[in-house]
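Residue-level structure breakdown
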Amino acid sequence: MKTLIRLAVCIAVMIQSQAYSQSGSMVEVKGGEFIPLYGTKTEVPVGDFLMDVYPVTNAEFQQFVESNPRWRKSQVKKLFADDNYLRNWKDDLSLGEGMLPNSPVTNVSWYAAKNYCECQGKRLPTVDEWEYVAMANEKQPDARTEKTYNQFILSWYETPDTYKKTIGNTFKNYWGVYDLHGLVWEWTSDFNSVMIGGESRKDSTGDNNLFCGAAAVGATDLMNYAAFMRYAFRGSMKAQYSVKNLGFRCVQDVEKSEL
Amino acid sequence: MTMKNLIYILLAAFLFTACNNAEKKETEVENDLAETKVSAENKELPELSIYNLPSTWTTQNGENIQLEDLRGNVLVMVMIYTSCKAACPRLVADMRNIEKQVPEGDLDNVKFIMVSIDPETDTPKRLKEFSIENDMEDDHWLFLRGTPEDTREFATVLAVSYKKISPIDFSHSNIISVFDEEGVLVHQQEGLGVDNTETIQAITTEVSN
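How each quantity is defined
- Residues numbered from 1 in each chain as written.
- Chains lettered and ligands numbered in written order.
- Predicted model: local features only at pLDDT ≥ 70, side-chain atom pairs only at ≥ 80, totals over all residues.
- Heavy atoms only, no water.
- Salt bridge = Lys/Arg side-chain N within 4 Å of Asp/Glu carboxyl O.
- Helix = DSSP H or I, 4+ residues; strand = E, 2+ residues; numbered from the N terminus.
- Buried < 20%, exposed > 50% of the residue type's maximum accessible area, 1.4 Å probe, protein only.
- Disulfide = S-S within 2.5 Å.
- Contact = heavy atoms within 4.5 Å.
- UniProt positions renumbered as here; feature names shortened; annotations may be inferred.
- Polar contact = N/O pair within 3.5 Å; in protein donor to acceptor, adjacent residues only side chain to side chain.
- Axes fitted to C-alpha atoms, helices over the stretch in contact; angles between N-to-C directions.
- Parallel < 35°, antiparallel > 145°, perpendicular 65-115°, else oblique.
- Phe/Tyr/Trp six-rings, centres within 6.5 Å; stacked < 30°, edge-to-face > 60°.
- Lys NZ or Arg CZ within 6 Å of the ring centre and 35° of its normal.
- Left-handed = near helix turned anticlockwise from the far one by under 90°.

Before going further, it helps to spend a moment on the pattern of salt bridges. Residue and element names in this part refer to chain A. One pass over the structure, following the stated rule, counts 14 salt bridges over all chains. The salt bridge partner of Arg230 is Glu131, with a shortest N-O separation of 2.7 Å. With Arg230 in helix 7 (residues 221-236) and Glu131 in helix 4 (residues 127-134), this residue pair connects regions lying 99 residues apart in the sequence. Its relative accessible area of 6% is what places Arg230 among the buried residues. On the basis of relative accessible area, Glu131 is assigned to the buried category, the value being 6%. Arg249 is the partner of Glu186 in a salt bridge, and the nearest nitrogen-oxygen pair spans 2.8 Å. One end of the pair, Glu186, is in strand 5 (residues 185-186); the other, Arg249, is in the loop between strand 6 (246-247) and strand 7 (251-253), and 63 residues separate them in sequence. Accessibility assignment for this pair places Glu186 and Arg249 in one class, buried. The network of salt bridges with common partners includes Glu28, Lys30 and Asp48.

Dropping the structure here:
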């Protein structure tokens with residue numbers, strides 16, 4: 001019987017990791033090194049990991065609050081979410097009028113997003129991981145110097161209410177990930193690692209490079225602008241903020257999924 | 001029981017492990033709350049209290065504590081790392097200046113807490129050495145080290161940003177925060193060597209409450 005149980009455990013573990021990696025919900029991203037726009041001038045290493053193909057949807061988050069009452073909007077503690085948390089929901093368990101189950105969930109705080117991922121055995125991506133995957137277009141892992149790639153992102157920034165669209169609406173990138181640009185902004189685990197130069201009165205080693213560098217702008221203008229918007233947004237966030245165009249997706253370490 | 005059923009049961013158990021952990025954590029917190037509710041004059045923990053965070057921390061003396069163990073004290077908190085050469089010595093000096101101006105009789109009800117943003121380097125031993133070097137050995141000085149994840153989460157509560165910028169250096173916000181006896185943030189001062197009159201005022205007000 002013992003052997004049987006052990007066998008069953010093994011199979012269960014295998015099925016579980018299959019469920020994670022084959023349900024179409026996650027794809028593997030091969031790590032590497034890249035120089036992010038902001039915060040460092042040297043290459044940062046990114047390890048291999050799995051990333052959700054789509055942002056977490058309203059329907060998925062609905063299930064989450066059903067089984068985790070403390071994240072329902074009437075019960076969430078103010079330390080963990082501001083008054084805008086799930087603002088457009090009709091009540092604790094139902095979406096508001098006109099909200100689609102298949103749209104990305106928004107108006108969620110960092111704490112809620114983090115706990116959601118933990119409950120799936122996953123975690124939020126780091127800023128570096130997110131940026132690493134998001135620099136891909138359909139064909140290339142790093143499309144940051146492509147004019148069309150940047151134009152797409154910038155025209156999205158100018159389009160209102162894209163959070164109302166449904167997931168899968170934008171392009172499938174090099175890694176097989178959808179909607180990193182085009183629907184919603186996304187939480188990252190270390191969003192509060194962004195030190196924006198304008199806040200230098202608070203920062204010990206304020207990073208003013210971005211603004212100094214602005215004097216010497218060249219061909220990479222657009223790319224820097226698009227990425228700067230994201231970093232500036234992160235730098236302005238607090239973890240309890242719940243914003244209408246900010247959602248999230250989860251990632252998972254490769255070793256963990258393979259056990 | 002058939003093999004198939006067994007697998008299903010195990011599978012279900014596995015799939016819910018993570019969530020159950022989170023819930024268990026919550027139940028533990030609720031139990032703790034229930035206990036402290038009794039001790040703290042039946043007062044419920046305010047929603048904005050940092051004692052809602054369930055994380056465990058290690059002190060410079062190697063003791064493991066929950067933040068909630070500090071309930072009842074006025075807390076003055078700052079995030080630093082001990083190998084820091086730039087801003088931290090000044091932040092530490094700011095903390096000391098504040099401590100010096102708090103009336104001696106009030107010090108029993110105040111904890112001055114340094115939370116490390118570099119838990120890898122700042123072992124309890126290292127924190128202890130730092131406290132000795134800086135002559136911060138009185139009971140009201142507390143140095144805390146947590147997991148990288150809990151540290152990141154704690155920083156979000158203080159609205160502190162930090163980032164590792166080299167193997168030995170971090171950039172970070174210089175914010176000193178004051179919490180009332182229930183763990184609710186009541187005052188923050190930002191910057192180095194700033195006028196700390198209001199901070200001291202906040203501490204004495206809270207102690208007298």
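Moving on from the model shown.
A covalent bond between the sulfur atoms of two cysteines is what we call a disulfide. Residues and elements named next belong to chain A. Tallying each qualifying case throughout the model produces 1 disulfide over all chains. In this model Cys117 forms its disulfide with Cys250; the gap between the sulfur atoms is 2.2 Å. Sign of the S-S torsion, about -85 degrees for the bond between Cys117 and Cys250, identifies this disulfide as left-handed. Of this pair, Cys117 sits in helix 3 (residues 110-119) while Cys250 sits in the loop between strand 6 and strand 7, and the two are 133 residues apart along the sequence. Take Cys117 and Cys250: they sit in the same class, and that class is buried.

This part is about the environment of Ala81 of chain A. Residue and element names in this part refer to chain A. Topologically, Ala81 is positioned in the loop between helix 2 (58-67) and helix 3. As a C-alpha pair, Ala81 and Tyr111 span 30 residues in sequence and 7.3 Å in three-dimensional space. In this view, Ala81 contacts Val76, Ser109, Gln240 and Ser242; residues no more than four positions away in its chain are not counted.

Residues and elements named next belong to chain B. Mapped onto the present numbering, the UniProt feature "binding site: Cu cation" (unreviewed entry) falls on Cys84, Cys88 and His172. Spatially, the listed residues are clustered: although they cover 89 residues, their C-alpha atoms lie within 10.6 Å of one another. Mapped onto the elements, Cys88 comes out in helix 3 (residues 88-101). Overall, the relative accessible area of 2% leaves Cys88 in the buried class. Excluding its chain neighbours within four sequence positions, the residues that come into contact with Cys88 are Ile80, Tyr81 and His172. When you line up the elements, His172 lands in strand 7 (residues 169-172). According to the relative accessible area criterion, His172 is buried, its value standing at 1%. Within the structure, the side chain of His172 is placed 3.5 Å from the side chain of Asn174, a separation counted as a polar contact.

All names here are of chain A. At a minimum axis separation of 11 Å, helix 2 and helix 3 run at an interaxial angle of 80 degrees. On the basis of their axis angle, the class for helix 2 and helix 3 is roughly perpendicular. Across the interface between the two elements, Glu60, Phe61 and Phe64 from helix 2 touch Ala112, Asn115, Tyr116 and Cys119 from helix 3.

The next subject is the packing of aromatic side chains. All names here are of chain A. Tallied over the entire structure, the rule returns 25 aromatic pairs over all chains. Joined through ring pairs, the aromatic side chains of Trp71, Phe80, Trp110, Tyr111, Trp187 and Phe191 make up one cluster. Arg234 extends its terminal NZ or CZ atom over the ring of Tyr231, reaching a point 5.1 Å from the ring centre.

Let us look at the packing of helix 3 of chain A against helix 5 (residues 148-158) of chain B. Between two packed helices, the angle of one axis relative to the other and the distance separating the axes together describe the packing. At their nearest, the axes of helix 3 of chain A and helix 5 of chain B sit 12 Å apart, and the two run at 160 degrees to each other. Relative to helix 5 of chain B, the element helix 3 of chain A lies roughly antiparallel. The two elements helix 3 of chain A and helix 5 of chain B meet at a crossing, and its hand is left-handed. Where helix 3 of chain A approaches helix 5 of chain B, its residues Trp110, Tyr111, Lys114 and Glu118 of chain A are matched on the opposing element by Glu149, Glu153, Thr156 and Val157 of chain B.

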